[in-house]
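Structural features, examined
Spelled out from the first residue to the last, the chains are:
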Amino acid sequence: MNVNVEPAKLTPKDFASDQEVRWCPGCGDYAILKAMHKSLADMGAKLENTVFVSGIGCSSRFPYYMATYGFHTIHGRAPAIASGLKLARPELDVWVVTGDGDALSIGGNHLFHALRRNIDLNILLFNNEIYGLTKGQYSPTSRIGQKSPSTPMGSVDSPAEACTFALGCNARFVARGIDVQAKELGVLFSRAREHKGASFVEIIQNCIVYNDGAFSNFTEKDVAAEMQLHVKHGEPLLYGKDKNKGLRLNPKTLKIEAVVVGENGVTAGDILVHDEKNRVLAGLLAGLRPPQFPEILGVIYCDPAPSYEAQVAAQNAQARAKGPGDLDKLMRAGNTWSVT
Amino acid sequence: MNVQNVPKSELEAVVVRFAGDSGDGVQLLGSQFAQETALAGNSLATFPDFPAEIRAPTGTTYGVSAFQINFGSRVVKTAGDQPDVLVALNPAALMVNYKGLRKGGLIILDSGAFKDKDIKRAGFAVDPRTDGTLKEFRVLELDISAQALEVAKPFGVSQKEALRTKNLWVLGLVSWMYDRELNSTNEYVARKFGADDPIGQANLAALKAGHAYGETHEISGDISPVQMPSVKFEPGTYRLVSGAEALAWGLAAGAQLANLEALLASYPITPSSPILHILARLKQFGITTFQAEDEIAACCAALGASYAGKLGITASSGPGIALKTEAIGLGIGTELPLVVVNTQRAGPSTGLPTKTEQSDLFLSVWGRNADAPIPVVASRSPGDCFEVAIEAVRLAVKYMTPVMLLSDGYIANAAEPWRIPSMKDFKPFPVEFHKNTEGFHPFLRDPKTLARVWAVPGTPGLMHRIGGIERDYNSGNISYEAANHQKMTDTRAAKINNIANDIPEQGVEAGELKGKLAVVGWGSTFGPINRAVSNMRAKGLDVSHIHIRHIWPLPRNLGDLLKNFDKVLVAEMNNGQMLTLLKSQYLIDAKGLLKVSGQPLKIDEVESAIRSQLGAP
Ligand SMILES: Cc1ncc(C[n+]2csc(CCOP(=O)(O)OP(=O)(O)O)c2C)c(N)n1
Ligand code: SF4
Ligand SMILES: [Mg+2]
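The sections below set out a description of the structure shown in this document. (Residues numbered from 1 in each chain as written. Chains lettered and ligands numbered in written order. Predicted model: local features only at pLDDT ≥ 70, side-chain atom pairs only at ≥ 80, totals over all residues. Heavy atoms only, no water.)

1. Some points on the interface of chain A and chain B
The line we're drawing: Any two residues whose heavy atoms approach within 4.5 Å are treated as being in contact. Any carboxyl oxygen of Asp or Glu within 4 Å of a side-chain nitrogen of Lys or Arg constitutes a salt bridge here. Contacts described as polar in this section are N or O atom pairs within 3.5 Å, which, within protein, must combine one atom able to donate a hydrogen with one able to accept it, while residues neighboring in sequence count only if both atoms come from side chains.
Contacts between the two partners involve 59 residues from chain A, matched on the other side by 75 residues from chain B. Counting across the chain A and chain B interface gives two salt bridges. For the salt bridge of arginine 117 of chain A with glutamate 293 of chain B, the shortest nitrogen-to-oxygen distance reads 2.8 Å. Put simply, chain A and chain B have 28 residue pairs in polar contact (both at pLDDT 80 or more) between them.

2. Topic: the packing of helix α11 (residues 295–307) of chain B against helix α12 (residues 318–334) of chain B
Residue and element names in this part refer to chain B. Put simply, the rule reads: Here an angle of 0 to 180 degrees is reported between the N-to-C directions of two axes, which are lines fitted to C-alpha atoms, with helices fitted over the stretch in contact. Comment: elements are numbered from the N terminus, with helices defined as DSSP H or I runs of at least four residues and strands as E runs of at least two. The cut-offs work like this: below 35 degrees is roughly parallel, past 145 is roughly antiparallel, 65 to 115 is roughly perpendicular, and the gaps in between are oblique. Each helix crossing is assigned a hand: it is left-handed if the near helix lies turned anticlockwise from the far helix by less than a right angle, otherwise right-handed if that turn is clockwise. In the scheme used here, Gly and all other residues not listed as nonpolar or charged are polar, with Ala, Val, Leu, Ile, Met, Phe, Trp, Tyr, Cys and Pro taken as nonpolar and Asp, Glu, Lys and Arg as charged.
It is the contact of α11 with α12, at a shortest axis distance of 7 Å, that shows an interaxial angle of 30°. One element, α11, and the other, α12, form an angle in the roughly parallel class. With respect to the hand of their crossing, α11 and α12 are arranged in right-handed fashion. Contacts from Glu295, Ile296, Ala298, Cys299, Cys300 and Leu303 in α11 reach Gly320, Leu323, Lys324, Ala327, Ile328, Leu330 and Gly331 in α12. Among the residues making up the contact of α11 with α12, the classes are represented as nine nonpolar, two polar and two charged.

3. Overview of the site of ligand 2
Our working definition: Each residue is tested against the molecule or strand, and it is near if at least one of its non-hydrogen atoms lies within 4 Å.
Residues in close proximity to ligand 2 include Trp23, Cys24, Cys27, Cys58, Asn128, Gln205, Cys207, Ile208, Val209 and Tyr210 of chain A, which together make up its full environment. Classifying every residue of the shell around ligand 2 by side-chain character gives eight nonpolar, two polar and no charged.

4. Thoughts on the coordination of the magnesium ion (ligand 3)
All names here are of chain A. The following threshold applies: For Na, K and Ca the donor cut-off is 3.2 Å, while for other metals it is 2.8 Å, and in both cases only N, O and S atoms qualify; water is not among them, so sites may look incomplete.
For the magnesium ion (ligand 3), the full set of protein donor atoms is Asp100 (OD), Asn128 (OD1) and Ile130 (O), and the range of their distances to it is 2.1 to 2.2 Å. Mapped onto the sequence, the residues coordinating the magnesium ion (ligand 3) show the spacing D-x27-N-x1-I. Of this pair, aspartate 100 sits in helix α3 (residues 100–106) while asparagine 128 sits in the loop between β4 (122–127) and α5 (162–168), and the two are 28 residues apart along the sequence.

5. Overview of the sheet that holds strand β9 (residues 287–291) of chain B
The pairing of strands in a sheet happens through backbone hydrogen bonds and is either parallel or antiparallel. Residue and element names in this part refer to chain B. Put simply, the rule reads: At least two bridges found by DSSP between two strands are what make those strands a pair.
The seven strands lie next to each other as β9-β8-β10-β11-β13-β12-β18, forming an open sheet whose pairing is mixed. Each edge of the open sheet is held by one strand with a lone partner, namely β9 and β18 (550–552). Strand-to-strand, the axes of this sheet are offset by a mean angle of 20°, without reference to chain direction. Where strand β12 (residues 376–378) and strand β13 (residues 402–408) come together, three bridges link them in parallel fashion.

6. Quick look at helix α2 (residues 78–88) of chain A
Given 3.6 residues to a turn, an α-helix orients residues that are three or four positions apart in the same direction. This is how the line gets drawn: Per-residue accessibility, obtained with a 1.4 Å probe over protein chains only, is compared with the maximum for each type, and a residue is labelled buried under 20%, exposed over 50%, and partly exposed between these values.
With eleven of its eleven residues buried, α2 of chain A lies for the most part within the structure. Taken together, the buried positions of α2 of chain A are occupied by Ala78, Pro79, Ala80, Ile81, Ala82, Ser83, Gly84, Leu85, Lys86, Leu87 and Ala88 of chain A.

7. Things to note about the site of ligand 1
In plain terms, the rule: Residue burial considers only the protein chains on display, and all accessible areas are found by Shrake-Rupley using a 1.4 Å probe.
The environment of ligand 1 is made up of 17 residues, and the closest members are Cys58, Ser59, Asp100, Asp102 and Gly132 of chain A. In this structure, ligand 1 sits where chains A and B come together, each supplying nearby residues. One of the backbone nitrogen or oxygen atoms of glycine 101 of chain A is found 2.9 Å away from an oxygen atom of ligand 1. For ligand 1, the protein covers 77% of the area, taking 590 Å² as the surface of the free molecule. In terms of residues, the shell around ligand 1 owes the most to one element, α3 of chain A, which gives four residues. Along the lines of polarity and charge, the residues of the shell around ligand 1 split into six nonpolar, eight polar and three charged.

8. Observations regarding a positive patch on the surface
All names here are of chain B. Quick reminder of the rule: Two joining distances apply to patches: 9 Å for like charges and 5 Å for nonpolar side chains (Val, Leu, Ile, Met, Phe, Trp, Tyr), and every residue must have over 30% relative accessible area and no salt bridge. Only four residue types enter the charge count: Lys and Arg as positive, Asp and Glu as negative, with His and the chain ends excluded. By convention, the point assigned to a charge is CZ for Arg, NZ for Lys, CD for Glu and CG for Asp.
Together, Arg55, Lys160, Arg164 and Lys192 make up a region of like positive charge exposed at the surface. Residue position: arginine 55 is located in the loop between β2 (43–49) and β3 (64–72). A relative accessible area of 57% means that arginine 55 is categorised as exposed.

9. Remarks on the environment of phenylalanine 189 of chain A
Residue and element names in this part refer to chain A. For phenylalanine 189, the position within the fold is in helix α6 (residues 182–194). Separated by 150 residues in the primary sequence, phenylalanine 189 and serine 39 have C-alpha atoms spaced 7.0 Å apart. What phenylalanine 189 contacts, discounting residues up to four positions off in sequence, is Ile32, Ala35, Met36, Ser39, Met43, Trp95, Leu124 and Ile203.

10. Things to note about the side chain of glutamine 32 of chain B
Residues and elements named next belong to chain B. Within the secondary structure layout, glutamine 32 lies in helix α1 (residues 26–39). Here glutamine 32 falls in the buried class, since its relative accessible area comes to 8%. Within polar-contact distance, the side chain of glutamine 32 engages the side chain of threonine 185 at 3.1 Å. Not counting the four nearest positions on each side in its chain, glutamine 32 is found in contact with Leu171, Ser184, Thr185 and Tyr188.

11. Section: helix α6 (residues 166–177) of chain B
Residue and element names in this part refer to chain B. Filter applied, for reference: To estimate the expected span of a helix, subtract one from its residue number and multiply by 1.5 Å.
Along its twelve residues, α6 runs 17 Å from first to last C-alpha, staying within 8% of the 16 Å computed at 1.5 Å per residue. For α6, a buried count of twelve out of twelve residues is recorded, marking the element as mostly surrounded by other parts of the structure. Among all positions in α6, only Lys166, Asn167, Leu168, Trp169, Val170, Leu171, Gly172, Leu173, Val174, Ser175, Trp176 and Met177 are buried.

12. Here's the deal with unusual backbone geometry
Here the residue pair proline 290 of chain A and proline 291 of chain A is connected by a cis peptide bond, since its omega of 5° sits within 30 degrees of zero. Counting through the fold element by element, proline 291 of chain A comes out in the loop between α9 (279–286) and β11 (295–302). At the junction of tryptophan 552 of chain B and proline 553 of chain B, the peptide bond is cis and its omega measures out at -10° in the coordinates. Within the secondary structure, proline 553 of chain B sits in the loop between β18 and α18 (558–563). Phi is positive for aspartate 179 of chain B, which is not a glycine, with a value near 60°. By secondary structure assignment, the location of aspartate 179 of chain B is in the loop between α6 and α7 (183–193). Residue classification places aspartate 179 of chain B among the partly exposed positions, given a relative accessible area of 47%. In the Ramachandran plot, serine 349 of chain B falls in the positive-phi region, its phi being about 55° despite a non-glycine side chain. Looking at the secondary structure, you find serine 349 of chain B in the loop between β11 (338–344) and α13 (361–366). Note on serine 349 of chain B: relative accessible area 60%, which makes it exposed.

As structure tokens, then:
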């Protein structure tokens, strides 16, 4: 274990630990790790005030590769452990790294409660739609028909959609990015970190060994422009090479339609404008998936509310305003009697 | 009818059992009477015995709630084997409880509640007052219902509210019988309802009326009061304390002695919840409470807080403790302090949630995957919870380990007079976080205690990663090395075993250090064992009482001590868990007095077991 003595201005390298990274060559996790190193350096984060907490899975090895504080915990429970940590030390920057199985299968309950409580954790869900570490079983986000060692004839159960789940849990910050889009991820990381309260970021991550190409219908270079919509607050929901494709709302069906501006009488004015604070819109957008729709990326929803740990701290401060507790006094309050 | 015509010796101590419907306010009646009795300077022990249902259908036997109190002018150690007086507020309460009453004991019953349908509903074929069912007892029939209705009339409260003052009417009567002051109850009612509330006024009137009823009927010769002199307690300031209170305060005290703030994370479960409720009100003591989404999250959050440099505490009961197992394992692997409070209850599974048992000893000592030792301590009585909680905190922070702190449903709910300790009498054990960056790694150990350093996030220069994967002995980095795993497993075991050198040697609670028979107990069986052993010794039998507080590791001299006795009898409320533990550790031929009825052990049961072990008549 190396002790890192902090130089004045940290570089991405300073955020990397001395441990050999052990993901499979070509795993999407490498890119995310790199993006995080850079992003933390850009944000001016301090090593000692940053903590990464993870569950179990390939993705959850993440903390070992960070030069910050880190706690690799147990399967599914990272949000709970991180909650205790954040309650105890609200001044620390606490990140949770989790996988689709870790967060949405065994840990679904904890993720739900961390989000609805709105505790100030930055939760990153690496979604590869597979159980990587246990060698490729289908996961709660695998699409119907996923062939895997445990579903040789294809999975039959319908998947969970991570961002929709988060919104359903009343998360106040929901975003989605792609492992290899370092620049965009950097923006999401810094937005998540700034956001007070629970932030939820789904990162589409390619598992090159067990689910390679699961996302190629929108991540491949040749389709990216046509199949990715990077949302920006206040800007119309346009995409495509020529930025002439867009999303509009059919008010009769309350459904989103993918349309082309200039075709079939569609005008620019018909296109929805992104509003981060609009929860209904966020719900509609989060559920859109290729191939019928482009993959929605960026900050889908952001509408801050008081965070849990800050409110707990406020109650603690209120109770402590009268001075520290005196146990001798406490135990002698109420009915007592003396024996001499 | 004369209450006083009980044998003289019985007056040294009396056992009164109040029983009624779960909606009758029996627990309040009992605890207020206990409060008055404590203030009168008597020794006492209580046993609240209530059903799992919050409000079972009225008049049913399974909806009967009871509160037993044993009090006396000599030191009382248990809530009493057999009541001398039973107050039955309905036929179901009589049905459930009359067989346990001492022969010749007094039954006070509310005749207003003995309508035909109530009698049938309680399962009596005919009215038990007329067919000789109660012929071995003295019966005092009073129409308490009518009295309560009458008294409440002027206050304009509903019939339902009026009937609910029955408990205070009874409290008034019983307080008169034993010459108790009503001040604390008057204050309690005024506080609860506010001075002007008609319901509060009706309750106060009922209390007074019950008392007055006693006075007037003494004059008419029906009943007469009993004098009970106060006990000569050791000098000090006393109060009544329940196990849950003492335990919660002990945790707060432990945190203070460790100079730490604490996070209690818990998920509601009977009979553990009062610890959460009490600590939730102690924020000014640097305590934060967190009602987690389940017991797994609770244990995890507590561990997260410990990692962050606070004292992590989690509290639950049997089924909830089972859920915490994996997170406790993480605490063992990462060597973080954690106090796990287990208020045991009867099981398996949901079992009998409101009934007591000591059946989580295996779970505590051995109940985890892999070789995962932790210290286990058990409290013997409500007041003892305070010290044991401090000890649990001390061990957790000194040895960087999860600690299991055992209480049980009986201790948690029962109350006893308690000499209030002074914080200055406890030696502080302030925690020092590791700060030195020189040669740092997170598994640097204190050569003496083998505890690893506690370096907390936020400390410059000490950034490190810990986790559930086996850690290298020399760096803390993850390691899959076979030899390292052996070394780390051995080190974790040695660290815990070494605690035996840091705890008191085992002594005896009664009797000699050697002899014919040792009765060994742990936890809440202290009272009945101690009384039984003292009684038998008074009869000349050679028997000693050994009571174990440190369940794991065991006191270093315990094996030798046990071998000083021809016979060893382990008395416990489970199917032989301590018995098995002692046999496996010391290869002794111990026998068990084992009971799992959901009820505390009785003095009489221990006495007969002692007699039979010693072949005494
Ligand atoms: C209690 C428990 N159950 C099961 C496992 C085995 N396990 C480890 S990781 C994992 C699934 C991980 O999948 P995911 O969260 O998607 O992470 P990935 O490896 O894909 O990054 C499972 C089932 C475990 N470690 N602990
Ligand atoms: S199995 Fe998949 S997710 Fe895991 S390290 Fe390999 S490529 Fe990455
Ligand atoms: Mg996965």
